[in-house]
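The residues making up each chain are set out below.
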Amino acid sequence: MYTEKEARDLVIEAGHRLMKYKLIARTWGNISARISDTEFVITPSGRAYDTLKPEELVKVNMETLKYAGSIKPSSEKGIHARAYILRKDIDFVIHTHQYYASAVGAEGKDLPFAPCAGYGLPGTGKLKDEVTKCIAANPQSKAFLMEKHGALCLGKDFDDAFEVAADLERKCNELFHNKVELKVADPKFDTSGIKDYPYVLFDSDPMTRTYSYRAKTLPAYLDDFAQIVGPDAKCRTTKGYKAGLKNRNAVLLNGMGALCVSDVEDDLEAISLIVSKNAAAALYCENAKPLSKADALLQRVVYLKKYSKQKDK
């Protein structure tokens, strides 16, 4: 285990490293490190990794989940606590929404290299219980999928946890591309005439473009899509995009890709990324059901009222 100072410094370093390798972005996911048999430090709720400071991490008791200070810890602190209690060999935990692991995990199936925990809404006791059961049932595994949510990667230390996350992503990437054939066209769309939104981005990402050829609404297969984009993304022609953007941050353009809009310029990249990842999940999970409409709408409302206001603190 680590001293508290070592743990705080390494969690910050892990956040930067995970962002560099695109295994985590903005406020998505959470990172922690064990500092004793009863405590760990964890990233706070809704804070961006690129500006996070060591002193802003939160010290949490594993058994009671009580924490020190006025900054709230990640809502998934209970999952980290159970991981440390169940696995005495683990001193570092990373929960990511990494691209391919999230897309493949949306199917809700165990993989030979990563068992899959059942679905629960983010931050709820059900999600904690499902992940706890999965860890307990697979004591030799360090990589776990979280259905329609992301991945949990356990390590004996910082480097081990990071390698678990990177290895999981490599394997899920291979699984995906062995199953899904993508469209190769690269269409263009001029956004210069769109004046209805402060910031606009057209993205012809292969995943988004391939799904858009179906000319169907893209439902939410992943929690972060429901939160950041909306309960679904409509598919429209280039002339009908406005109606598709009502109460949403993206609309698919038939056979072309997606039009992403935001009031904040920095959010455009995150929106286009999550549309792409959710499209990848839809392409991979042919027989899996998306989130229920009620769950997707609930998460959208909670995100807009709570977490989106925290990310730039």
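How each quantity is defined
- Residues numbered from 1 in each chain as written.
- Predicted model: local features only at pLDDT ≥ 70, side-chain atom pairs only at ≥ 80, totals over all residues.
- Heavy atoms only, no water.
- Helix = DSSP H or I, 4+ residues; strand = E, 2+ residues; numbered from the N terminus.
- Expected span 1.5 Å × (residues − 1).
- Buried < 20%, exposed > 50% of the residue type's maximum accessible area, 1.4 Å probe, protein only.
- Contact = heavy atoms within 4.5 Å.
- Core = buried A, V, L, I, M, F, W, Y, C linked by side-chain atoms within 4.5 Å.
- Polar contact = N/O pair within 3.5 Å; in protein donor to acceptor, adjacent residues only side chain to side chain.
- Pairing = 2+ DSSP bridges.
- Axes fitted to C-alpha atoms, helices over the stretch in contact; angles between N-to-C directions.
- Phe/Tyr/Trp six-rings, centres within 6.5 Å; stacked < 30°, edge-to-face > 60°.
- Lys NZ or Arg CZ within 6 Å of the ring centre and 35° of its normal.
- Parallel < 35°, antiparallel > 145°, perpendicular 65-115°, else oblique.
- Left-handed = near helix turned anticlockwise from the far one by under 90°.
- Nonpolar A, V, L, I, M, F, W, Y, C, P; charged D, E, K, R; others polar.

Asks: I tried to follow helix H1 (residues 4-20) on my own but got confused; where do I start?
Replies: One turn of the α-helix equals 3.6 residues, which is why residues spaced by three or four share an orientation. The end-to-end C-alpha distance of H1, which contains 17 residues, comes to 25 Å, matching closely the 24 Å that a straight helix rising 1.5 Å per residue would cover. Those residues of H1 that sit buried are Ala7, Arg8, Leu10, Val11, Ile12, Ala14, Gly15 and Leu18. The secondary structure elements touched by the buried residues of H1 are strand S1 (30-34), strand S2 (39-42), strand S3 (58-61), strand S4 (92-96) and helix H5 (158-179). A positive backbone phi angle near 60 degrees is found at Lys22, which sits one or two residues after H1.

Asks: Looking at this structure, I do not really get the nonpolar core. What am I missing?
Replies: Note on soluble globular proteins: their nonpolar side chains tend to be buried together. Residues Phe92 and Leu168 are the most contacted members of the largest nonpolar core, which totals 74 residues. The biggest single contributor to this core is helix H9 (residues 267-284), with 11 residues. Formed by 21 residues, the second largest nonpolar core is a distinct cluster that contains Val58, Val60, Ile79 and Leu154.

Asks: What exactly am I supposed to notice about the environment of Ser262 here?
Replies: Turning to its location among the elements, Ser262 is positioned in strand S13 (residues 257-262). Dropping the residues within four chain positions of it, Ser262 is found in contact with Pro198, Tyr199, Asn249, Asp267, Leu268 and Ile271. Looking at Ser262, its side chain comes within polar contact range of the main-chain nitrogen of Val264, at 2.9 Å.

Asks: Just to check I follow, could you spell out the sheet that holds strand S8 (residues 199-203) for this structure?
Replies: In sheet architecture, strand pairing relies on hydrogen bonds along the backbone and comes in two forms, parallel and antiparallel. In spatial order, the strands read S8-S13-S12-S11; together these 4 strands make up an open sheet with mixed pairing. For this open sheet the edge positions go to S8 and strand S11 (235-236), each flanked by a neighbour on one side alone. Both S8 and S13 contribute to a ladder of 5 bridges, which runs antiparallel. Paired with Tyr199 across the bridge in S13 is Ser262. Strands S8, strand S12 (250-253) and S13 of the sheet are contacted by H9, whose axis makes an angle of about 145 degrees with S13.

Asks: For this particular structure, what's the right way to read the packing of aromatic side chains?
Replies: Each aromatic ring pair is specified by the distance between its two centres and by the angle formed by the two planes. Applying the stated rule across the entire model yields 8 aromatic pairs. Residues Tyr21 and Phe162 carry aromatic rings whose centres are separated by 5.5 Å and whose planes lie at 70 degrees to one another, so their mutual orientation is edge-to-face. Here the residue Tyr21 occupies a position in the loop between H1 and S1, and Phe162 occupies one in helix H5, the gap between them amounting to 141 residues. Aromatic ring contacts, followed pair by pair, group Tyr99, Tyr100, Phe176 and Tyr284 into a single cluster. Above the face of the Phe162 ring, Arg17 is positioned so that its terminal group lies 4.1 Å from the ring centre. A cation over an aromatic ring shows up here: Lys179 above the ring of Tyr284, its NZ or CZ 4.2 Å from the ring centre.

Asks: Looking at this model, I keep getting lost on the packing of H1 against H5. Mind explaining?
Replies: Helix-helix packing is described using two parameters, namely the angle between the two axes and the distance between the axes. The geometry of H1 relative to H5 is characterised by a closest axis approach of 11 Å and an angle of 25 degrees between their N-to-C directions. Relative to H5, the element H1 is oriented roughly parallel. Helix-helix and strand crossings are classified by hand; for H1 and H5 the assignment is right-handed. Each of Leu10, Glu13, Ala14, Arg17 and Leu18 in H1 lies in contact with H5, whose residues at this interface are Phe158, Asp159 and Phe162. A class-by-class count of the residues in the contact of H1 with H5 yields 5 nonpolar, no polar and 3 charged.

Asks: Explain the sheet that holds S2 here, please?
Replies: Judged by pairing direction, the sheet is mixed, and its 7 strands sit side by side in the order S3-S2-S1-S4-S7-S6-S5 without closing on themselves. Each edge of the open sheet carries a strand with a single partner, namely S3 and strand S5 (116-117). Pairing geometry for S4 and strand S7 (residues 150-155), over 5 bridges, is antiparallel. Across the sheet, residue Phe92 finds its bridge partner in S7, namely Gly155.

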